[in-house]
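# A closer look at the structure
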Amino acid sequence: MQFSSFQGPLSVENVADPSCVDDGVIVGVAATGLCRSDWHAWMGHDPGVALPHVPGHELAGTVHAVGSNVRNWRVGDRVTVPFVLGCGLCEPCANGNSHICDDEVQPGFTQWGSFAEFVSIPRADLNLVLIPDEMSFPTAASLGCRFATAYRAIVTHGRPLPGHWVAVHGCGGVGLSAIMIAASVGARVIGIDVSPEALAAATDAGAELVVNASTADVPAAVRAITNGGAHVSIDAVGSAITCSNSVASLRKRGRHIQIGLMVGDYARPPIPMDLVISRELELRGSHGMAANAYPAMMADVASGELRPERLVTRVISLDDAPAALRAMGDAPTTPTPKVSGAHATATEGTVGMTVIVP
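Attention here is on the structure that accompanies the text. (Residues numbered from 1 in each chain as written. Predicted model: local features only at pLDDT ≥ 70, side-chain atom pairs only at ≥ 80, totals over all residues. Heavy atoms only, no water.)

## Digging into the overall build of the chain
Using the following cut-off: For the purposes of this entry, the term helix denotes a DSSP run of H or I that reaches at least four residues, the term strand denotes a run of E that reaches at least two, and both are numbered from the N terminus. Note that the radius of gyration is over C-alpha atoms, with the globule rule given as 2.2 Å times the number of residues to the power 0.38. Exposure classes here rest on a 1.4 Å probe applied to the protein chains alone. A residue is buried below 20% of its type maximum, exposed above 50%, and partly exposed in between. The contact definition used throughout considers only heavy atoms, calling two residues in contact when any of these lie within 4.5 Å. In short, Shrake-Rupley with a 1.4 Å probe defines the accessible areas, and a residue's cover is counted only from the protein chains shown. Only four residue types enter the charge count: Lys and Arg as positive, Asp and Glu as negative, with His and the chain ends excluded. A single reference atom marks each charge: NZ on Lys, CZ on Arg, CG on Asp, CD on Glu.
What the chain contains, in helices and strands, is 11 helices and 15 strands. Computed over its C-alpha atoms, the radius of gyration of the chain comes to 20 Å, within 12% of the 21 Å expected for a compact globule of 358 residues. Dimensions of the chain, computed from C-alpha atoms along their principal axes, come out at roughly 60 × 40 × 35 Å. Going through the 358 residues of the chain one by one, you find that 56% of them count as buried. When contacts within the chain are restricted to residue pairs at least 6 apart in sequence, long-range pairs at least 24 apart make up 74% of them. As displayed, the chain has an accessible area near 14,100 Å², and 52% of this comes from carbon and sulfur atoms. The average position of the 22 basic charges and that of the 33 acidic charges among the side chains of the chain differ by 10 Å.

Given below as structure tokens:
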């Protein structure tokens, strides 16, 4: 599936197979996630996208061809990858942080992606992740962006202790992932959204309580529930309102984690720095997770402590992908958020995760 103009027609076409670079592999795509980031690429919000373009960055499949310099992978291996591929040479990569590589490659953004039968993955020895035999391809594909990003946000950046309060603003795919992961470490989770369907999904994913942002002043509600504010608060949407709400929902010395992309008009949101200073708050971003950090997450999935497959709510064909991608920009059909002191929260647009099977 490709497009030749931003916000233009999306079509499924036959194109030439990708070539295999010396340090890379060709992956036969068995499943790929449909993420709001793919919608941003189509809209023209990402400066790294060149036209014509094939989106798709959450993928799983089997190795179809192997470059001459690849040492650790063979044809037939079941694999997935982070959505950011590191170079292995820069300072972040040397420090184990290839997900913020100085010379990163992003399938679906800086190169053609996985809404296709085959995708080229460079630097395979650094970036490929083995999929356990018992894990399905749709489940593995769901890990690549939203789940891995939420995992790092909770485990590495948020660091909630058992009994700590975690507020999650936006209960789409990444928000539900964050709720599930936070609940798995013993945190008490509040899910926040305007959609009753999303709030029900949040409860199913492990949220102890929910707040409907169409009827509530979100920071006031969170502070009342938690007797002073959340220990960790996550913006899983990426808007000026949800970002501000998240910061304002924190107790003193709490941690705000920004997962939702801040693009377009939201690229430089106003931050309540008076609260950041007076409450000694910590602000962090979560931009995926390096391949070397996947084993801990995979172990939690294998043990049954995490059940990402429960968040895959729809599996569609590649022929259905154009309409599904366009629909990610539709406004929620649920009530308009209540605005009280500029406090409101929007849903990510889709409850759960959609996976495409070519």
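## Quick look at helix α6 (residues 196–205)
Heads up, the condition is: Throughout, the arc means the angular range of directions from the helix axis out to the C-beta atoms.
Residues of α6 that are buried include every one of A198, L199, A201, A202 and A205, and no others. Projection of α6 onto a plane perpendicular to its axis shows the buried side chains occupying an angular sector of 160°, all on one side. Within α6, the exposed residues directed more than 90 degrees away from the buried face are E197 and D204. Residues of α6 that are buried in the fold lie against α5 (173–184), β9 (188–193) and β10 (209–212). Remark: G206 follows α6 within two positions and exhibits a positive phi of approximately 130°.

## Examining the environment of V174
Inspection of the secondary structure puts V174 in helix α5. Judged by relative accessible area, V174 falls into the buried class, the value being 5%.

## Points about α5
Condition: Helix span, as expected, comes to 1.5 Å for every residue beyond the first.
The terminal C-alpha atoms of α5, which comprises 12 residues, lie 17 Å apart, in line with the 16 Å expected from a rise of 1.5 Å per residue. Summarising burial for α5: 10 of the 12 residues are buried, a large majority. Looking only at α5, the buried set comprises G173, V174, G175, L176, S177, A178, I179, M180, I181 and A182. For α5, the secondary structure elements touched by its buried residues are α4 (137–158), β8 (165–169), β9, α6, β11 (230–235) and β15 (353–357). G186 sits one or two positions beyond α5 and adopts a positive phi of about 95°.

## Things to note about the nonpolar core
Selection criterion: Here, the term nonpolar core denotes a set of buried Ala, Val, Leu, Ile, Met, Phe, Trp, Tyr and Cys residues that are joined through side-chain atoms within 4.5 Å.
Within the largest apolar cluster, 48 residues are counted, with the highest numbers of intra-cluster contacts made by F147, L176, I179, I234 and M297. At the level of elements, α4, β8, α5, α6, β11, α10 (294–302) and β15 are the ones that each hand at least two residues to this core. Counting 20 residues, the second-largest nonpolar core is a separate cluster that includes M1, F3, I316 and M328.

## Description of the pairing of strand β4 (residues 58–66)
The condition is simple: When DSSP finds two or more bridges between a pair of strands, those strands are recorded as paired.
Across 8 bridges, strand β3 (residues 25–34) lies against β4 in antiparallel orientation. Residue pairing in the sheet places G33 in a bridge with E58 of β4. Direction of pairing for β4 relative to strand β5 (residues 78–80): antiparallel, over a ladder of 3 bridges. Pairing of A60 across the sheet is with T80, part of β5.

## A closer look at the pattern of salt bridges
This is how the line gets drawn: Any Lys or Arg side-chain nitrogen found within 4 Å of a carboxyl oxygen on Asp or Glu counts as a salt bridge.
Using the criterion set out here, one finds 8 salt bridges in the structure. As a salt-bridge pair, R310 and D204 come within 3.0 Å of each other at their nearest N and O atoms. On the criterion of sequence distance, the pair formed by R310 in the loop between α10 and β14 (312–317) and D204 in helix α6 is long-range, its members being 106 residues apart. Here R284 and E282 are joined by a salt bridge, their closest N and O atoms 2.8 Å apart. With a relative accessible area of 35%, R284 lands in the partly exposed category. On the accessibility criterion, E282 (24% relative accessible area) is partly exposed.

## Regarding the side chain of D38
How we decide: Residues adjacent in sequence count toward polar contacts only when both atoms are side-chain atoms; beyond that, a polar contact is any pair of N or O atoms within 3.5 Å, and within protein one must be able to donate a hydrogen and the other to accept it.
Relative to the elements of secondary structure, D38 occurs in helix α1 (residues 36–43). Although D38 is buried, it forms no salt bridge, and the closest oppositely charged side chain is R146 at an N-O distance of 6.4 Å. Here G56 takes part through its backbone nitrogen, which lies 3.4 Å from a polar atom of the side chain of D38. In contact with D38, not counting residues within four places along its chain, are G33, P55, G56, H57, F109, F115 and L325.

## Notes on unusual backbone geometry
Here the amide bond leading from L51 into P52 is cis, since omega sits at -10°, within 30 degrees of zero. For P52, the location among the structural elements is in the loop between α1 and β4. In this model, E280 sits at a positive phi of 50°, which is unusual for a non-glycine residue. Its place among the elements puts E280 in the loop between α9 (273–278) and β13 (282–285).

## What about the packing of aromatic side chains?
We apply this condition: Pairing of aromatic rings covers Phe, Tyr and Trp, the last counted by its six-membered ring, and requires centre-to-centre distances within 6.5 Å; plane angles under 30 degrees mean stacked, over 60 mean edge-to-face, and any other angle means tilted. The rule for a charge over a ring is simple: NZ of Lys or CZ of Arg within 6 Å of the ring centre, and within 35 degrees of the ring normal.
Applying the stated criterion across every chain, the model contains 1 aromatic pair. Aromatic pair F3 and F6: ring centres 6.2 Å apart, planes at 50°, arrangement tilted. For F3, a relative accessible area of 1% corresponds to the buried category. Under the relative-accessibility criterion, F6 is labelled partly exposed at 33%. If you follow R36 out to its NZ or CZ, it ends over the ring of W39, 4.4 Å from the centre.

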